[in-house]
Structures are given as C-alpha cells and as structure tokens.
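# Structure assessment
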2 protein chains.
Amino acid sequence: MERVPILKIGDILLVSIQIDMEDQTALQLQEDLADRIVATGCHGVVIDISALDIVDSFVGRTLASIASISKVLDADTVVVGMRPAVAITLVELGLSLPGIRTALNVELGMELLARQRSEDVDDPFGEDEDDPETPVVPTP
Amino acid sequence: MERVPILKIGDILLVSIQIDMEDQTALQLQEDLADRIVATGCHGVVIDISALDIVDSFVGRTLASIASISKVLDADTVVVGMRPAVAITLVELGLSLPGIRTALNVELGMELLARQRSEDVDDPFGEDEDDPETPVVPTP
C-alpha cells in the first residue's frame, strides 16, 4: 500500500495527493494526518490536489472527513490546486465539497490559514460577532 | 503519463516525488521544473523523497541532473526526507549522490537554502571566504 507523505512547513502540514485514493490509502492518510497534527501541534492543513485529474465522490468524502478530523484537533484545512476541469466536473456531478475551503495554490492556502488563525486568536470565542448567541428555545 | 506537481512556496519550488520515476516522468519533471524556475524566478528547489522506498542509480542520476539544471538557472537544490534504509542502500550500491545536498526534512532544507542564498547575496563573488556565518533569516 502506498502512503501519502505529510510535510511540515512552519505551522502547516502539507499533503500533496498524487496517487489514486483507495479505501486503505485514504484511511491511512486520515490516521497519519491526525497523528501528525497531535505530534506537531500544527494549526493548519493544506491538501494539494493539482495532480488529480478526477475528484469523485469518494475523494470528496475523504477530503471532507480529513477536514472534520482536523477541525476537532484544532487545525483548519484548505484544499488547493484544483484544476478547472475538476471543478466543472464536481459541479456537474452535484458535488460541492461542503465544509471544505479551497484556494488556488499552496501560497494562497497558507495565507488563508494564517489569516483565519489570527482572526481566531484575536477573537477566540467569537464574542464580537454581530449576532449575539441565540438563546436555546426548548422544543415544546 | 503521470506528472509530478511543483508547488511554489515563497522563493522555493517544492517537489514531492511519490511515484516510481520512469524515463518519461523524469524528463517531464526536469522540463517542468526548469520552466517553473524561469517563470517564477525562484532561487531554491526542495525535492522530497520521503515516499520513496528505493533510490536506484536512475533516480540518483535524475536528481543530479535536476540539481545541475537548477544551478545553471541560478537555483540551489536540496533533497530532503531520505529514509534511513534508503541511505544505507545507496551507500551499499556505491551511489553517494555527488553534487546533491541533503537535509532531513523540508523545513531544514528550506533553512539551508535561505542560509546559502544569504551567503551568496552578501558575497556574490566569493571574495570574503573567512567571514563569519550570516544569521539565518527565517522565511515568513
């Protein structure tokens, strides 16, 4: 089984997916990435998919679950390098990658994560949001 | 034919080799990398081989010719992420990767390139060879 390497650059973990994702590879990547986030304390994950010709629903789900796992471990995820043709196919297939943020390339993705992080640090509990917390209305 | 993606991060081009290098892939990578160095004006190339189980003489030659091509285009090359077993096999095979600098991981490779660059910029013609090491300026 092939393994996707995870590269640490500053506060970011960079993953460049170049192989066809199969069940085992995807699960292994999720596990490796979770381990590395915990081991390094990184707050951002950049996933480069510029080598992928096709992003099907399986890859979409894998990306979404990586983003969710990272979020639980206090790391944000950005998917970068999507080819125009891939974006068109995704929309035609009705896949909109919900919950996944994207950027055009690695540099813009890293900027997005840094900006996001500084906003989170300035405002850790989201107190300055316009809308005050909505009170929980018990269902009758 | 598969293509190895080239990621630009600041003044560095990062290449993560995850597939078995064949003649065509290697030639294509050399060509793509030369094009990107010229297009971006980057001064450093980091090649991550942490996904490779084997580095044979063909891969060794490919890495060496990438380093030579980059050098002619005013970019330094560092190979990073070599596995211990790969290093042992290389030496056993009598391959010592002449002309290729290595670092343990991407971050150390980028530091090495930044240090190398600042020395080159301070001392473009190699006149002050005895001067103390210039401090490393971390890339943002």
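Residues numbered from 1 in each chain as written. Chains lettered and ligands numbered in written order. Predicted model: local features only at pLDDT ≥ 70, side-chain atom pairs only at ≥ 80, totals over all residues. Heavy atoms only, no water.

Going by the annotation in an unreviewed UniProt entry, the name recorded for chain A is RsbT antagonist protein RsbS, with Paractinoplanes brasiliensis given as the source organism.

## Quick look at the confidence of the model for chain A
With 87% of its residues at a pLDDT of 70 or more, chain A shows a mean pLDDT of 87. Here helix α4 (residues 106–122) of chain A is the element of chain A with the lowest mean pLDDT, 90, and strand β3 (residues 44–48) of chain A is the one with the highest, 97. (pLDDT = per-residue confidence, 0-100. Helix = DSSP H or I, 4+ residues; strand = E, 2+ residues; numbered from the N terminus.)

## Considerations on the sheet that holds strand β5 (residues 101–103) of chain A
Residues and elements named next belong to chain A. Across the sheet, five strands lie side by side as β1-β2-β3-β4-β5; this open sheet has mixed pairing. This sheet does not close on itself; its edge strands, each paired only once, are β1 (6–9) and β5. Here the strands of the sheet are splayed against their neighbours by 30 degrees on average, with no regard to which way each runs. Bridge count for β3 against strand β4 (residues 76–80) is five bridges, and the pairing is parallel. When the bridges of β4 are listed, Val-46 appears paired with Val-78. Sheet strands touched by α4: β1, β2 (12–16), β3, β4 and β5. Its angle to β4, the strand with the most contacts, is close to 160 degrees. (Pairing = 2+ DSSP bridges. Axes fitted to C-alpha atoms, helices over the stretch in contact; angles between N-to-C directions. Contact = heavy atoms within 4.5 Å.)

## Overview of a negative patch on the surface
Together, Glu2(A), Asp20(A), Glu22(A), Asp23(A), Glu2(B), Asp20(B), Glu22(B) and Asp23(B) make up a negatively charged patch on the protein surface. For Asp23(B), the location among the structural elements is in helix α1 (residues 23–40). Overall, Asp23(B) belongs to the exposed group, its relative accessible area being 53%. (Patch = residues over 30% accessible without salt bridge, like charges linked within 9 Å, V, L, I, M, F, W, Y side chains within 5 Å. Areas by Shrake-Rupley, 256 points an atom, 1.4 Å probe, with all protein chains shown as cover. Salt bridge = Lys/Arg side-chain N within 4 Å of Asp/Glu carboxyl O. Lys, Arg positive; Asp, Glu negative; His and termini not counted. Charge placed at Lys NZ, Arg CZ, Asp CG, Glu CD. Buried < 20%, exposed > 50% of the residue type's maximum accessible area, 1.4 Å probe, protein only.)

## Things to note about helix α4 (residues 106–122) of chain B
Compared with an ideal rise of 1.5 Å per residue, which puts 17 residues at 24 Å, α4(B) spans 24 Å between its outermost C-alpha atoms and is within 8% of the ideal. The complete set of buried residues in α4(B) reads Val106(B), Gly109(B), Met110(B), Leu112(B), Leu113(B), Ala114(B), Arg117(B) and Ser118(B). In this structure, the buried side of α4(B) is in contact with β1 of chain A together with β1 (6–9), β2 (12–16), β3 (44–48), β4 (76–80) and β5 (101–103) of chain B. (Expected span 1.5 Å × (residues − 1).)

## Topic: the layout of surface pockets
Residue and element names in this part refer to chain B. Roughly 430 Å³ of internal volume is contained in the second largest pocket. As for the second largest pocket, its lining consists of 16 residues, of which Gln-18, Asp-20, Ala-51, Leu-52 and Asp-53 are closest to the centre. Its residues assigned to classes, the lining of the second largest pocket shows eight nonpolar, one polar and seven charged. (1 Å grid on protein atoms, 1.4 Å probe; cavity = no way out; pocket = protein on both sides within 12 Å on 5 of 7 lines; lining within 4 Å. Points joined across faces, edges and corners; volume = space filled by probe spheres on them. Nonpolar A, V, L, I, M, F, W, Y, C, P; charged D, E, K, R; others polar.)

## Topic: the pattern of salt bridges
Residue and element names in this part refer to chain A. Summed over the entire model, instances satisfying the criterion amount to 12 salt bridges over all chains. Here Arg-83 makes a salt bridge to Asp-53, at a shortest N to O gap of 2.5 Å. With a gap of 30 residues between them, Arg-83 in the loop between β4 and α3 (84–92) and Asp-53 in the loop between β3 and α2 (57–72) connect regions that are remote in the sequence. Classification of Asp-53 by relative accessible area gives exposed; the value is 54%. Through salt bridges with shared partners, a single ionic network connects Lys-71, Asp-76 and Arg-101.

## Observations concerning the pairing of β3(B)
Residues and elements named next belong to chain B. Counting buried residues along β3, five of its five residues qualify, which places the element largely inside the surrounding structure. Residues Gly-44, Val-46 and Asp-48 of β3 are buried on one face, and the alternating residues Val-45 and Ile-47, pointing to the opposite face, are buried as well. Note: β2 against β3, five bridges, orientation parallel. In the sheet register, Leu-14 faces β3, and the bridge partner there is Val-46.

## Some points on the interface of chain A and chain B
Interfaces are often sized by the accessible area lost when the parts come together. Across the contact, 18 residues belong to chain A and 18 residues belong to chain B. Ranking the residues of chain A by area buried against chain B places Leu7(A), Gln18(A) and Glu107(A) at the top, with a combined share of 39%. Of the charged contacts, one joins Glu107(A) and Lys8(B) as a salt bridge, the two residues approaching to 3.3 Å between their closest N and O atoms. Applying the counting rule to chain A against chain B returns six residue pairs in polar contact (both at pLDDT 80 or more). Of all the secondary structure elements, the ones that give two or more residues to the side of chain A that touches chain B are β1, β2 and α4 of chain A. Of the residues in the side of chain A that touches chain B, the class split is nine nonpolar, four polar and five charged. (Buried area = accessible area lost by both parts, 1.4 Å probe. Polar contact = N/O pair within 3.5 Å; in protein donor to acceptor, adjacent residues only side chain to side chain.)

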